[in-house]
Structure formats: C-alpha cells, structure tokens
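One-letter residues, chain by chain:
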Amino acid sequence: MEPELLHSGEVEKWSRTARGMAWRLFHVSVTTREIRWRVASEASQEKVFLGSISVPRIVNAKVDPNSARGDGVHTVFVVQEPAEDHEFRTDTLEQAQHWVQHIKNATLPKTRRKWPTPVSTEVPTAPLASSVSLPLTRTNSNGSSHGSLASAGMLDSNAMVTEIHGQRAVQRPVSETDNATSKSTNDPVAPTRDSVSSDTDVSERCDESPIVREGYLIKQGNMVKNWRRRWFTLSRSYLIYREEEGTPTKGQIRMCDIKLTRRSERYPDKRFLFEVITSKRTYYMMASSQDEMDGWTDAISHILKNPSDTSSLGSSGETAS
C-alpha cells in the first residue's frame, strides 16, 4: 500500500557538504512511511533523492530553542532517531511547530492525529476589534439601502445592525441606543491605519511618508519557494511590493517590525541576495547588481537607525530589470 503524504515543502537541514557541516535547503516530504529530503535542480526541475528517516525509527520530534545551531533568527526543530539527531530550521516558530506536528502524526494512527492550523503565507492583517458596530442602514424590500438611519431621522423596527466579534459577523435588531450613537457620529466610521489589510494599497490610503527608494527586485515566495519580480517601494513606514509599478499592493512590511537587513548567503547560486528579517518571517530579495543591493540595504538600515530622519536618505533608487 502506498504511504500517505502528510506534508511537504522546502526547509533547511543541518547537513554535511564539501566544505563541512552547513545548513542546506531541501524539499522535504513527510509520509506515514518515511521523512525524505531531496534537492531541487533548477536546470531540470527534478528532485534528486538524498536521504530519509524511517518513521518506525523516530523516537521524538520537537522544537529545540536551545540548539547549538540556533542563530536567534531562525527556529530549529529536531527529529530524533536512536543513534542520530536530524536538525532542521525554519524562518518562524509557527512553521517549525507545523512541521513537528506533521512528523508526530506520521507516527500515530489516524484516530490520534492532531492537525496544525495552516501557516499563513502573506503578511498578517491587523486583528479586528473585539466588538465593532457598523453604521446603521435601512434596507427596503426591493434590496436597496439608504444611509444612516440617524441622519435620515428614522428608526425602522426591521432594521438590523451588524457587529464584528473577533472574526465573526453577527446581526441583531437596532435599538434606541444604537440610533443615539449613530446620531452622535452622523457619518460612517472611517477606517483606521490598523484596519487596512495586507492587500490594500496602503501607500495610497495610509502611508503619507515620502518615498525613499523604489524599483524592481526578485523576491522569494513564502510557502512556495519560487522567485518572482516585484516592484518595491520603501518609505519610513512601510516596505511595500506589487506585481508591477502602479498595480495594487501584493504585500507590505512595516518598518517597525524589521529587525535587521543584510547580505544573505542562504542560496550560494543567487548573486546580490539580501534578507529582511522580521519577528515573524525572513524575506529574501535579489538585486541586479552589487550597487543596487547595497543601496537597498543601506536605505533600510538607515531608516531602522534613524526612523524620523530623512535628511540623508537621498532620492529614489534607479533600478533596471
């Protein structure tokens, strides 16, 4: 019988190389029979088998915050055999816990498996308020709606108010208190900065900071490790990326969340690669030249060190692709 595939993806493993032990990126598959790792060949897109761990030999799988291979940025998890420990690492604790749970599931019967919450692939959106009432509206029988009931001087017994509780929308009948509250505000509540989601064009709606640098970079995806060209815009508040200049925002990184940016050695075959490290994820971006890479890392580092100073940042970077 064919083994059941529980999880697969790209993750780094502490491995022996021609230059000694080092972190190496593999495509790893977790099945009910084995954990197998392969290296992807960019030329042929075929995966070359390198090693495996038989599931019956697994003693334990766990996140290891005290690993000697820890660097303070990535999260290490270990799969233990009787005679050997296999160390892997991910960009976030959430991803490591995700892998560990799937590996534990491989050793358990179906009735005892616990499925982890899927790991998000984009920049997290701001949490919704615990309880938010939306502006009161009146809906006619034909489906058309008017504006605020308070502004219209009406309170329909059939009108409903929508409240957001966590991630759930709940409707209830309108009360006099709701009507009084709506009168005091008169206008719908304007969205705040924190309510803008990651797919909203924040540069147009929220970020009024001057643009420090902009241009094309090659960015690696989060869960699917492909490389795509993106248009980046850097300001004192956000690092924003789009598919093309002038198109809607694909994602955003708040500058206050960035811990560090530096040249990256993770992919030796990628020239002019640098990384932007946040508390939740490490972003990998590739420039077209050394000068361009230095320009981006210098600009980001300057903002991190001088968040309110734009006097020496210079103009937007000229990039070509």
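Going by the structure above, here's the rest.
Quick summary incoming for the structure in this document. (Residues numbered from 1 in each chain as written. Predicted model: local features only at pLDDT ≥ 70, side-chain atom pairs only at ≥ 80, totals over all residues. Heavy atoms only, no water.)

**Section: the environment of Val212**
Okay, so step 1: Considering the arrangement of structural elements, one finds Val212 in the loop between α4 (202–205) and β13 (213–220).
Okay, so step 2: The class for Val212 is buried, based on a relative accessible area of 4%. (Helix = DSSP H or I, 4+ residues; strand = E, 2+ residues; numbered from the N terminus. Buried < 20%, exposed > 50% of the residue type's maximum accessible area, 1.4 Å probe, protein only.)

**Comments concerning unusual backbone geometry**
Okay, so step 1: Of note in the backbone geometry, Phe272 takes a positive phi value of approximately 60° without being a glycine.
Okay, so step 2: Its location among the elements puts Phe272 in the loop between β17 (258–263) and β18 (273–278).
Okay, so step 3: Accessibility expressed as a relative area gives 14% for Phe272, which makes it buried.

**What about the sheet that holds β13?**
Okay, so step 1: The strand order across the open sheet formed by seven strands is β16-β15-β14-β13-β19-β18-β17, and the pairing between neighbours is antiparallel. Looking at which strands have only one partner, the edges of the open sheet turn out to be β16 (249–254) and β17. In this sheet, neighbouring strand axes are inclined to one another by 30° on average, regardless of whether the strands run parallel or antiparallel.
Okay, so step 2: Bridge analysis of β13 against strand β14 (residues 227–234) gives eight bridges, and the strand direction is antiparallel. Bridge pairing links Gln220 to Trp227 in β14. (Pairing = 2+ DSSP bridges. Axes fitted to C-alpha atoms, helices over the stretch in contact; angles between N-to-C directions.)

**What to know about the packing of aromatic side chains**
Any pair of aromatic rings gets described here by the distance separating the centres and the angle formed by the planes.
Okay, so step 1: Evaluated as defined, the whole model comprises eight aromatic pairs.
Okay, so step 2: With a centroid separation of 5.3 Å and 15° between ring planes, the pair formed by Phe77 and Phe88 is classed as stacked. Here Phe77 is found in strand β6 (residues 75–80), whereas its partner Phe88 is found in strand β7 (residues 85–90), with 11 residues between them in sequence.
Okay, so step 3: Exposure remark for Phe77: the relative accessible area of 1% places this residue in the buried category.
Okay, so step 4: Taking 4.8 Å as the distance between ring centres and 80° as the angle between the ring planes, the aromatic pair formed by Tyr216 and Trp231 counts as edge-to-face. With Tyr216 in strand β13 and Trp231 in strand β14, this residue pair connects regions lying 15 residues apart in the sequence.
Okay, so step 5: One aromatic cluster is present, built from ring pairs that chain together Trp37, Phe77 and Phe88.
Okay, so step 6: Sitting over the face of the ring of Tyr216, Arg229 holds its NZ or CZ atom 3.7 Å from the ring centroid. (Phe/Tyr/Trp six-rings, centres within 6.5 Å; stacked < 30°, edge-to-face > 60°. Lys NZ or Arg CZ within 6 Å of the ring centre and 35° of its normal.)

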